[in-house]
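Observations on the three-dimensional arrangement
Here are the chains, one letter per residue:
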Amino acid sequence: MSRSKRLIVIAFALAGPVPAGRAADDKAALAFFESKIRPALVKHCYECHSEDSKKLGGKLRLDTKEMTLKGGESGPALVAGKPEESILIHALKWEDSLEMPPDEPLSPAVIADFEKWIAMGAADPRTGPPVPVSPPAETKTTHWSFQPVRNPPVPTVKNAEWPRSEVDRFLLAEIEKAGLKPTGDASAEVLVRRLSFDLTGLAPSYDRVQSFVADFKTRGDAAVADLVDEWLASPHFGERWGRHWLDVARYGESNGNDGLSRNATFPHAWRYRDYVIDAYNEDRPVDVFVREQIAGDLMTAKDDAERDRQLVATGFLALGAKPAKAMNENFDMDVIDDQIAVVGSGILGISVACARCHDHKHDPIPTRDYYALAGIFKSTETMWGMAAHEGLTAPSTDLHVLKTAPKWSPPAGFVETVVPIQSDTGKPKPIPKSKWPEGTPLAMGARDRPAPEDARINLKGESTKLGDRVPRGFLSACVMPGEKVVEKRSDSGRLELAEWITRPDHPLTARVYVNRVWQHLFGDGLVATPDDFGIYGAKPTHPGLLDFLATRFVKMHGWSTKALIRELVLTRTYQLDSTADPELLEADPDNRLLTRHLRRRLDAEAIRDRLLTASGQLDPTRPDGSVIRHRDIMVQLAGNLHEPSRHRSVYLCYLRNSPPPELAPFDLPDALGVAGKRETSASPAQSLFFLNSPIVVEQSRLLAHKLITPGRSDEAIATDAIRRIFARDALDGEIARTLSLVRDADAQLSDRQPDAKLRREWAWATACQALLATNEFRYVD
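Let me begin by describing the structure that accompanies this report.

Quick notes on the pattern of salt bridges
According to the stated counting rule, one finds 60 salt bridges in the structure shown. Notably, a salt bridge pairs Arg309 with Glu292, separated by 2.4 Å at the nearest N-O pair. Within this pair, whereas Arg309 is found in helix α14 (residues 304-313), its partner Glu292 is found in helix α13 (residues 286-295), the two being separated by 17 residues in sequence. Looking at Arg309, the relative accessible area reads 23%, which means it is partly exposed. Using a relative accessible area of 1% as the deciding quantity, one classes Glu292 as buried. Notably, a salt bridge pairs Arg759 with Asp746, separated by 3.3 Å at the nearest N-O pair. Here Arg759, found in helix α27 (residues 756-772), pairs with Asp746, found in helix α26 (residues 734-749); they are 13 residues apart in sequence, far enough to count as distant.

Below, the structure written as structure tokens:
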């Protein structure tokens, strides 16, 4: 390790608070189990390896922690921390004559989740008796999420002076039942930073913090309301909240590995990204937002601009990762399965796709319901484009041609890098011409096929083994009388599906969306499994509050995201401090009662944006398109497609299996499926990122260069550095520690750099990097 890096490592302790460490690791590991492992066990393993199994396979039970560790006939199922030595992993990979599940292996992504879970230590909260795998039939028909949304009365509370809103009353009532009291209010300094990151994803400047603190002292809650309104109106709001939706929409700018190690770009996916950001900035009602994405091409439009917007919105159905077409008779149904999954898990919070091969094992979704939906998407033409001109990956399709979007022409000095495609003979093929004129604006999306048709059940999920034909329709668990099938048989039924999903009285749509918003503001949803409102998903911690909010969201706020967010961030609960007395932490360790705010690590995009903001390098404008907008190519043949950028992270190139390197260490979703809740890990790779990453080193150098001006004292430089990085004044002793680090760095660099001016800049760059690497920089209270 170089001297400068040794200094930075030492500086971690000098420059700020110590990371949460093991506690954060444990919480992340448990969250990973709940989000990735438990659902996979229930879906794929419990039928043969649980207390309720008709025949226990290999005498192995996987429905409790104790039984999993005990193992079966072949010994313990896993060795914590050592996936390569775990029998479970060998069985999932169909190695050593072990095959789980027996019908077909799990996807590589799911197996990788099990490997990661075991490598993390195999955290497992399943203590006590196992949850039954097959719930009684009456549970399926009475499950809370399929029941009508009710509008419960606001509860009364003992401390009537504490709540600022009806939301507060729902929460305080439960806190008082538990004999507890909420923690104190957050300071103005903490609140302004919290609001800035939650509403815009950006750090506030030092001056903005100071002006708000002064305003808050004078006007109190009115100052908070004005600040909230200002940031809700900011174009950065859509960039922040649009990114949340892109996780749900499994947004990616390439297909990902198709199973043949091919990864075709999606050159026009960025238009959907911009559509989502604009929708949030314009506060498009969520019912309209959903209808446009499912059936925008079938909606009426007042002009060409609105028509273009609606066509781009249907990219939602075309963005999914697809397996290779070659030797895959199920390709068309695989595409449909992805569409059912994103509509089911993303919008309805139900894993409908589990019913492709057989009736859903725990949710009330029979196979016939799956194929009723499949008929709708079978009658839809999915338009992803040329698939890099490689038929083995996917057949080429048409694209929407837009009327009002400007044509693209290469910028001055542009030179395209062409990587030859190798033919089967080993000789380069010529990179084929596009079927569209140069620069015609194009968009991925969907449209109805000329002759819609119902789907036939695929026996065991195989397209070549056909069963009964099922009329196109909707989920029977949610259907009101007279609404079971598509009425207009000459259309695909997508518009009817979209209208059914966005009915004001639909039991799932508003609940699921409100829960997503709550999660992004409070850290955890009222339902902890935002993509699964089914029987084995988490139950709501505050069911009355969830229905109260869903009712207001539809009837009072008119499906307005901004109105919902405004209501929530102005509650006293949102504005609580994240610190609490030890007694309160012990009584409510997981904060299920919301007795305090949760301290959260910033997500990948916010960390990178904060780095660029601190150094003064962030370009807050929207770039034109994407770096691959003209590149219909295979990612694996093109070298590094990630170009340096000063724009916000949401505008980086999100290639599947090749994510932006500046974001990869911080739990970026893989975009292979709906990701309503990101993992939040605390790994060594994240610390190494702040030690070695080129972007951190470069931004530290640029910040140091900006701070050092002729005649400026070291004390003034340290004061300014802390203000730029943390948006606050230095704490007691912080200036002295920073200057001590600079002196040590300067001394150790003296034999390498005789130029005192350059050495001083290098020393300050070391100090800046140490400050950027602190816990405080990547967490928000």
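Focus on the environment of Asp337
Within the secondary structure, Asp337 sits in helix α15 (residues 331-348). If we skip the residues at most four places from it in the chain, Asp337 touches Ala353, Arg356 and Tyr370. Only 2.6 Å separates the side chain of Asp337 from the side chain of Tyr370, close enough to count as a polar contact.

Let's talk about unusual backbone geometry
Looking along the chain, the bond that leaves Met100 and enters Pro101 is cis, with omega of -10°. Of note, Pro101 is situated in the loop between α4 (87-92) and α5 (108-119). A positive phi angle, close to 60°, is found at His389, a residue other than glycine.

Considering the nonpolar core
Within the largest apolar cluster, 163 residues are counted, with the highest numbers of intra-cluster contacts made by Leu195, Trp245, Tyr272 and Trp518. With residues up to four places along the chain from it excluded, the contact list for Leu195 reads Thr200, Val224, Leu227, Val228, Trp231, Val569 and Tyr574. The next biggest cluster of nonpolar side chains, apart from the first, holds 25 residues, and it includes Cys45, Ala77, Leu88 and Ile111.

Concerning the packing of helix α25 (residues 714-726) against α27
As a packed pair, α25 and α27 sit with axes 11 Å apart at the nearest point and diverge in direction by 35°. Where α25 crosses over α27, the handedness of that crossing is right-handed. Side by side, α25 and α27 meet where Asp714, Ile717, Ala718, Ala721, Ile722, Ile725 and Phe726 of the first sit next to Arg760, Trp764, Cys768, Leu771 and Leu772 of the second. Looking at side-chain class alone, the contact of α25 with α27 contains 10 nonpolar, no polar and 2 charged residues.

Definitions and cut-offs
- Residues numbered from 1 in each chain as written.
- Predicted model: local features only at pLDDT ≥ 70, side-chain atom pairs only at ≥ 80, totals over all residues.
- Heavy atoms only, no water.
- Salt bridge = Lys/Arg side-chain N within 4 Å of Asp/Glu carboxyl O.
- Helix = DSSP H or I, 4+ residues; strand = E, 2+ residues; numbered from the N terminus.
- Buried < 20%, exposed > 50% of the residue type's maximum accessible area, 1.4 Å probe, protein only.
- Contact = heavy atoms within 4.5 Å.
- Polar contact = N/O pair within 3.5 Å; in protein donor to acceptor, adjacent residues only side chain to side chain.
- Core = buried A, V, L, I, M, F, W, Y, C linked by side-chain atoms within 4.5 Å.
- Axes fitted to C-alpha atoms, helices over the stretch in contact; angles between N-to-C directions.
- Left-handed = near helix turned anticlockwise from the far one by under 90°.
- Nonpolar A, V, L, I, M, F, W, Y, C, P; charged D, E, K, R; others polar.

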